[in-house]
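Here's the letter readout for the chains.
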Amino acid sequence: MDSADFSKALRYIDSGDLVPAEEIWNLLNRFFDTEMHRQQAIAGAVAGINTLGENADVVILTNLNDHRREMRARQLADVGIKARVFTNQGPKGPALKAILDEYRPNRALFIDDLPQHHDSVSQLTPEVLRLHLCGEPLLAPHIDCAHQAGHAHARIDQWEAALPWIIEQLHGEDA
């Protein structure tokens, strides 16, 4: 990755040629069906999410097709994350609103790596605290900052630094 344009990051191994845009989703879907189980958690995510689970209800909202929900839940459980998984396609604001309507929390925090999802959430549920966390070091420098755009309350890209901020938001004097 050398830019935020994911379509320019996919290249054929043999030739180095870019994968045509019309082929990208086919390859990604094949990846999800055959290789997703090999994905590992980013640094600090398992401990961070499990610590949050001691303080709050944790759910995972992932942009995968609905038929992959159980597969994602198994993959997360295999790395040590036990949480309810919701699937979504497209902007996450409407899906998060539905989750909030079900859980009815007195305080909610949304964490995501992509700025467009923070924008969507900020429009539909502005009361939700939003942390832009892109924990993949190769990708983070190329992702536009939702905090700078005014759609997230903070941008912190390492779980070890993010967790104290999150706990403060959940339990701080303003809570």
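Throughout what follows, the structure given in this document is the object of discussion. Keep in mind it's a predicted model, so treat the numbers as computed, not measured. (Residues numbered from 1 in each chain as written. Predicted model: local features only at pLDDT ≥ 70, side-chain atom pairs only at ≥ 80, totals over all residues. Heavy atoms only, no water.)

### Section: the sheet that holds strand S3 (residues 109-112)
Counted only if it meets this: Strands qualify as paired when DSSP identifies two bridges or more between them. The secondary structure listing takes helices from DSSP runs of H or I that are at least 4 residues long and strands from runs of E that are at least 2 residues long, numbered from the N terminus.
Across the sheet, which stays open at both edges, the three strands sit in the order S3-S4-S5 with parallel pairing between neighbours. Taken across any chain shown, the strands that pair with only one partner, and hence form the sheet edges, are S3 and strand S5 (154-155). Across two bridges, strand S4 (residues 129-132) lies against S5 in parallel orientation. Of the residues in S5, the one forming a bridge with Leu131 is Ala154.

### Topic: the pattern of salt bridges
Basically, it comes down to this: Here a salt bridge means any side-chain nitrogen of Lys or Arg lying within 4 Å of a carboxyl oxygen belonging to Asp or Glu. Classification of residues uses two cut-offs on accessible area relative to the type maximum, computed with a 1.4 Å probe and protein chains only: under 20% is buried, over 50% is exposed, and between them is partly exposed.
Under the counting rule described, the total for this entry stands at seven salt bridges. Between Arg84 and Glu102 there is a salt bridge whose closest N-O contact spans 2.5 Å. Linking Arg84 in strand S2 (residues 84-87) with Glu102 in helix H4 (residues 93-103), this pair joins segments that are 18 residues apart in sequence. Residue classification places Arg84 among the partly exposed residues on the basis of a relative accessible area of 39%. The exposure class assigned to Glu102 is partly exposed, which follows from its relative accessible area of 46%.

### Describing the pairing of S2
Worth spelling out the cut-off: The handedness rule is simple: strands pointing away from the viewer, and a clockwise path from the first strand over the helix to the second, make the crossover right-handed.
Both strand S1 (residues 59-62) and S2 contribute to a ladder of four bridges, which runs parallel. Residue pairing in the sheet places Val59 in a bridge with Arg84 of S2. Read as a crossover between parallel neighbours, the route from S1 over helix H3 (residues 69-79) to S2 is right-handed.

### Some thoughts on the packing of aromatic side chains
Definition in use: Here a Phe, Tyr or Trp ring, Trp counted by its six-membered ring, pairs with any other such ring whose centre lies within 6.5 Å, and the pair is stacked when the planes are under 30 degrees apart, edge-to-face when over 60, and tilted otherwise.
Under the counting rule described, the total for this entry stands at one aromatic pair. Taking 5.6 Å as the distance between ring centres and 65° as the angle between the ring planes, the aromatic pair formed by Phe31 and Phe32 counts as edge-to-face. Using a relative accessible area of 15% as the deciding quantity, one classes Phe32 as buried.

Functional significance is not addressed by these values, which are geometric in nature.
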